[in-house]
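Analysis of the macromolecular model
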Amino acid sequence: MKKKWTGLLAILLACALTACGGEKEPKPSQGAENDPPASSQQSEQQSEQPSAGENHSIIYICLNLGDLSFNDMGWDGCRAAAEKYGWTAEVLELGKDTSTYENAFLDSIDSGDYDIVVTQSNYGLSDLCIKYAPEYPDISFVSYDMSASAEISGDNLYGIAFKQNEGSFLVGALAGKLTTSNKIGVFIFNDVPVGNDFLTGYIAGVRHSNPNAEVSVAYGGGTADASKLQEVSSAMFDSGVDVIYGVSGSAYPGLAREATNRGGFDKGIYAIGVDSDMWTVYTASENAGIADVIITSMQKKVDEAVVYAMDQYVEGTLPFGSVQAYGILENGVGMADNEHYRSCTPEDVLSYMEQLQEDVISGTVTVPSYFDFESYDEFAAWRDQ
């Protein structure tokens, strides 16, 4: 059946990223961004518990806390591991000025206060781990949301990758089933490999469940901005789009707010969240008033992945020098399955989604990845067909 493409919405958000803009070929890059506030440091002393005979101290380096998503989940994982093993954990929030990141990173590891660094791929933080890990052999570095194709080495750096294409495939298939206009939207935080891996899975999922649906895509410039995402969402809804996947944790309130303004489910308008189970998280937060337009979310289970890595660290089995990819089978990604989703989704669609997830796990259905393409141009041609 004919597959249509509505074109690219160019949304340029102000940013100061060295990796900002479109990559020309699949290669390691950043994960889903978040918009950081001013620099600050918080600390938390954890309870005294056995830790395989050793006490360790974690420094979690992130952009900002309070996003109810990507950054917060990393901190949750660090705190959970520290509590589990009787360690200490501190967090360093880097702020908006990317020019300060490298010095702040070095100040932390030069302090001598920490022997485990946990960070993420955003804004070149994983690149700092790759650059400096060899110079600090007594410190263990763990970076999550790295590209599965990233090349790392050494015996003190470990990378966690997520198969965001698999989780995005599921929510794309759901979007294809829920739409009544056959017009579906997606906002991707940046035109970079990891962002395009979200997009690849999502488009493939839409095409799998509804080949007649059109997909409108908007790229951001890498900086989270809720007001800009609300503008993009408004334009998409005006064009007849009735389901939007917002791949930007910090900017996501813009989408949820606009979907709420448009009448939400009562008007056939759906929002799909990212990283955390956003309906559950928003319902328990100051964003409760815009939670109910979120039908489900594509989850990156960052907190669980960090704890799992620390478990392996304690056991002495953490495969340093490698990047491991966590997908649906490994419980690293998935689609939020909560009471809101179950009560608001038609029974036939629930059954379809349950079978589709089983088919992905069994390998009956293969989910394409951005990293399968030989070049960016090949990906773009597939995306735009």
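As shown above, the structure is provided for reference.
Now for a quick tour of the structure. (Residues numbered from 1 in each chain as written. Predicted model: local features only at pLDDT ≥ 70, side-chain atom pairs only at ≥ 80, totals over all residues. Heavy atoms only, no water.)

Right, let's get into the packing of helix α4 (residues 164-178) against helix α11 (residues 347-362). In contact at an axis separation of 10 Å, α4 and α11 are set at 150 degrees when each is read in the N-to-C sense. Here α4 lies roughly antiparallel to α11, going by the angle between them. In terms of crossing hand, the pair formed by α4 and α11 is right-handed. Residues F169, L170, A173, L174 and K177 of α4 pack against V349, Y352, M353, L356, Q357 and V360 of α11. For the contact of α4 with α11, the per-class residue count stands at nine nonpolar, one polar and one charged. (Axes fitted to C-alpha atoms, helices over the stretch in contact; angles between N-to-C directions. Helix = DSSP H or I, 4+ residues; strand = E, 2+ residues; numbered from the N terminus. Parallel < 35°, antiparallel > 145°, perpendicular 65-115°, else oblique. Left-handed = near helix turned anticlockwise from the far one by under 90°. Contact = heavy atoms within 4.5 Å. Nonpolar A, V, L, I, M, F, W, Y, C, P; charged D, E, K, R; others polar.)

A word on the pairing of strand β12 (residues 294-300). Where burial is concerned, most of β12 is hidden: seven out of the seven residues are buried. Across five bridges, strand β11 (residues 270-275) lies against β12 in parallel orientation. Bridge pairing links V274 to M298 in β12. With respect to chirality, the unit in which β11 leads through helix α8 (residues 278-283) into the neighbouring parallel β12 is right-handed. Note that β12 and strand β14 (residues 333-335) share three bridges and pair antiparallel. Directly across from Q299, in β14, lies its bridge partner G334. (Buried < 20%, exposed > 50% of the residue type's maximum accessible area, 1.4 Å probe, protein only. Pairing = 2+ DSSP bridges. Right-handed = clockwise from strand over helix to strand, strands pointing away.)

For the rest of this paragraph, the subject is the environment of F187. Position of F187 relative to the elements: it lies in strand β8 (residues 183-188). Using a relative accessible area of 3% as the deciding quantity, one classes F187 as buried. With 31 residues separating them along the chain, F187 and A218 place their C-alpha atoms 4.8 Å apart.

For the rest of this paragraph, the subject is helix α1 (residues 70-85). Under the 1.5 Å per step criterion, the end-to-end length of α1 is 23 Å for 16 residues, consistent within 8% with the ideal 22 Å. Listing the buried residues of α1 in full gives F70, N71, D72, M73, G74, W75, G77, C78, A81, A82 and Y85. In the stretch just after α1, G86 is the one whose phi turns positive, near 75 degrees. (Expected span 1.5 Å × (residues − 1).)

What follows concerns the packing of helix α2 (residues 101-110) against helix α3 (residues 125-132). Closest axis-to-axis distance for the α2/α3 pair is 11 Å, and the angle between their directions is 50 degrees. The orientation of α2 relative to α3 falls into the category oblique. Crossing handedness for the pair α2 and α3: right-handed. Listed contacts from α3 to Y101, E102, F105, L106 and I109 of α2 are L125, L128, C129, K131 and Y132.

What follows deals with the state of the cysteines. Tallied over the full model, the rule gives zero disulfides. The structure places no disulfide on C78, whose sulfur is separated from the nearest cysteine sulfur, that of C62, by 9.1 Å. Take C78: its relative accessible area is 0%, and that puts it in the buried class. (Disulfide = S-S within 2.5 Å.)

Structurally, F105 can be placed in helix α2. Not counting the four nearest positions on each side in its chain, F105 is found in contact with I61, V117, L128, C129, Y132 and F141.

Right, let's talk about unusual backbone geometry for a bit. Of note in the backbone geometry, Y123 takes a positive phi value of approximately 55 degrees without being a glycine. Take Y123: it is sitting in the loop between β5 (116-120) and α3. Notably, N331 is not glycine yet its phi reads approximately 60 degrees, a positive angle. Among the structural elements, N331 can be located in the loop between β13 (323-326) and β14.

Let us now look at the pattern of salt bridges. The full count for this structure, using the stated rule, is 10 salt bridges. Across the salt bridge formed by R342 and D337, the nearest N and O atoms sit 2.8 Å from each other. Its relative accessible area of 34% is what places R342 among the partly exposed residues. Several salt bridges share partner residues, and in doing so they unite D238, E258 and R262 into one network. (Salt bridge = Lys/Arg side-chain N within 4 Å of Asp/Glu carboxyl O.)

Turning next to the packing of aromatic side chains. Counted according to the given criterion, the structure contains 18 aromatic pairs. Geometrically, the ring pair formed by Y85 and W87 is stacked, given 5.2 Å between the ring centres and 25 degrees between the ring planes. Looking at Y85, the relative accessible area reads 12%, which means it is buried. Summarising the aromatic geometry, the rings of Y370 and F371 are spaced 5.6 Å apart at their centres and angled 75 degrees between planes, so their arrangement reads as edge-to-face. Residue classification places Y370 among the buried residues on the basis of a relative accessible area of 0%. F371 sits in the partly exposed class, given a relative accessible area of 22%. Taken together, Y370, F371, F373, Y376, F379 and W382 form an aromatic cluster joined through their ring pairs. It is R207 that lies over the ring of W382; its NZ or CZ is 4.8 Å from the centre. (Phe/Tyr/Trp six-rings, centres within 6.5 Å; stacked < 30°, edge-to-face > 60°. Lys NZ or Arg CZ within 6 Å of the ring centre and 35° of its normal.)

From the geometry alone we can't say anything about function, so treat these as descriptive.
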